[in-house]
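Fold and contact review
So the chains spell out like this:
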Amino acid sequence: MADPTPAQVRDYIAAGLPCEHLDVEGDGRHFFATIVSASFEGKLRVARHQLVYKALGERMREEIHALSMKTLTPAEWAAQSGTAAASHPHH
């Protein structure tokens, strides 16, 4: 079986998890994903990762050997990217 491309891994995650922003880099065996999803609101990092693994399902065991991820809510992403949304927080 051919190793998946970063674009395929991105598509796999997007198919199972609604994302505001999704970026995947990798070499076919090791991947790093930045995932921004409102689904992460109120969840600890372990629970966020479980949502991503659930979205990937069997592929996580069969095709994807290593996946590192940064999981952020839209508000965390805005704060980290220093966008206009972060400089004008809603009260």
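That block above? That's the structure.
Here the structure is a predicted model, which is why all the values come from computation and not from measurement.

Within the largest apolar cluster, 17 residues are counted, with the highest numbers of intra-cluster contacts made by Ile13, Ile35, Val52, Leu56, Ile64 and Leu67. Setting aside residues up to four positions removed in sequence, Leu56 forms contacts with Val9, Tyr12, Ile13, Ile64 and Leu67.

Let's shift gears to the sheet that holds strand 1 (residues 21-26). The strand order 1-2-3 describes an open sheet built from three strands, whose pairing is mixed. Every other strand in the sheet has two partners, leaving strand 1 and strand 3 (66-72) as the edge strands with one partner each. With strand direction ignored, the average angle separating the axes of adjacent strands in the sheet is 15°. As defined by bridge partners, strand 2 (residues 30-36) adjoins strand 3 across seven bridges and the pair is classed as parallel. Bridging across to strand 3, Phe31 finds its partner in Leu67. Its contacts with the sheet put helix 2 (residues 45-56) on strand 2 and strand 3, and the angle it makes with strand 3 is roughly 125°. Its contacts with the sheet place helix 4 (residues 74-81) against strand 1, strand 2 and strand 3, and it is angled at close to 90° to strand 3.

On any regular strand, side chains alternate: one points to one face of the sheet, the next to the other face. Relative to strand 2, strand 1 runs antiparallel, the two being bridged by six bridges. The partner of Leu22 across the bridge, within strand 2, is Ile35. Counted along the chain from strand 1 to the antiparallel partner strand 2, the turn is three residues long, and its residue Gly28 has a positive phi close to 100°.

Cut-offs used in this document
- Residues numbered from 1 in each chain as written.
- Predicted model: local features only at pLDDT ≥ 70, side-chain atom pairs only at ≥ 80, totals over all residues.
- Heavy atoms only, no water.
- Core = buried A, V, L, I, M, F, W, Y, C linked by side-chain atoms within 4.5 Å.
- Buried < 20%, exposed > 50% of the residue type's maximum accessible area, 1.4 Å probe, protein only.
- Contact = heavy atoms within 4.5 Å.
- Pairing = 2+ DSSP bridges.
- Helix = DSSP H or I, 4+ residues; strand = E, 2+ residues; numbered from the N terminus.
- Axes fitted to C-alpha atoms, helices over the stretch in contact; angles between N-to-C directions.

Purely spatial values, then, with no claim about function.
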